[in-house]
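# Structural features, examined
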Amino acid sequence: MGIKGVIFDMDGVILNNHQFHVDAWKQFIADHGKTITDEEFSANFNGRTTGQALKYLFPEITSEEIETLKEEKESLYRNLILPTLKETEGLTDFLKQLKEKGYKTAVATSAYPANVEFTLSKLGLHSYFDSILDETFVKHGKPDPEIYSKTIAALGLEPGECVVFEDSFSGIESGQRAGTEVIGVVGTETEENLKKVVKSTVLNFVNFEFSLLNKD
């Protein structure tokens, strides 16, 4: 079964924005009089939805409060990254090649919808994707496979026909549990750590080796 679909996580894959999210969370957490360790952050924030992270910080939070605090945190993030917003090196050229070669493409992200629109619009990437799914499409965030299973279905493909690009351990687990091959994007995690859980890694998309997709 050949690869027909290529699916991209957004944060840490389409753009290298991990540190901006970390900085926004640190500011948000401090503003609310909370503290967390680096270990807690890695386990409960990386690759998770904003709602999941907020429930970790505030276990008794209501649905209405989550929506208000989501926008507070994500507005901090967008303001921090806007002056230097840029795609992962080589991404646009890679997407053009994928479309020329007939691959279907999608974004499958745990990100807040306003962040997805902000990112894809500012970078001019909307037209390169056949499907775009954000946190509102799922009940269960990564590492649950729901986001990737639904994205694969939206593309009209089977799991074995898709490759996922992911940067976080929770995202990698999500893609693997959905039945896809996952390529790790170095940034959020080191190459050494990623290679413990995936066969292949990339630093960016410059001169991407299409042999990694098992298709000429």
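Residues numbered from 1 in each chain as written. Predicted model: local features only at pLDDT ≥ 70, side-chain atom pairs only at ≥ 80, totals over all residues. Heavy atoms only, no water.

Position of Phe205 relative to the elements: it lies in the segment after strand S6 (200-202). Residues Phe205 and Thr188 lie 17 residues apart in sequence; the distance between their C-alpha atoms is 16 Å. (Helix = DSSP H or I, 4+ residues; strand = E, 2+ residues; numbered from the N terminus.)

It is worth spelling out helix H6 (residues 113-123) at this point. Among the residues making up H6, those that are buried are Asn115, Val116, Phe118, Thr119, Leu120 and Leu123. The secondary structure elements touched by the buried residues of H6 are helix H1 (18-31), helix H4 (63-81) and strand S3 (131-133). One or two positions beyond H6, positive phi appears at Gly124, with a value near 70°. (Buried < 20%, exposed > 50% of the residue type's maximum accessible area, 1.4 Å probe, protein only. Contact = heavy atoms within 4.5 Å.)

A few words on helix H7 (residues 146-155). Turning to H7, its buried residues number three or more, namely Glu146, Ile147, Tyr148, Thr151, Ile152 and Leu155. Its buried side turned inward, H7 meets strand S1 (5-8), strand S2 (104-108), S3, strand S4 (162-166) and helix H8 (169-177). In the segment just after H7, Gly156 is the residue with positive phi, at about 75°.

Attention now goes to the sheet that holds S6. With parallel pairing, the 6 strands of this open sheet are ordered in space as S3-S2-S1-S4-S5-S6. In this open sheet, the two edge strands, each paired with only one partner strand, are S3 and S6. Within the sheet, the average angular offset between the axes of one strand and its neighbour, ignoring direction, is 25°. When S4 meets strand S5 (residues 181-185), the two strands line up parallel, connected through 4 bridges. Each bridged residue has a counterpart across the sheet, and for Val164 the counterpart in S5 is Val182. Against the sheet, H7 touches S1, S2, S3 and S4, its axis set at about 150° to S2. (Pairing = 2+ DSSP bridges. Axes fitted to C-alpha atoms, helices over the stretch in contact; angles between N-to-C directions.)

For Thr105, the location among the structural elements is in strand S2. When sequence neighbours within four positions are dropped, the list of residues in contact with Thr105 reads Val6, Leu98, Lys99, Tyr128, Phe129, Asp130, Ser131 and Leu155.

Right, let's talk about the pairing of S1 for a bit. Judged by which residues are buried, S1 turns out to be covered on both faces: Gly5 and Ile7 on one side and Val6 and Phe8 on the other are all buried. In the sheet, S1 pairs with S2 via 4 bridges, with the strands oriented parallel. Among the inter-strand pairings, Phe8 is bridged to a residue of S2, identified as Val107. The sheet contact formed by S1 and S4 spans 4 bridges and is parallel. Residue pairing across strands places Val6 opposite Val163, the latter belonging to S4.

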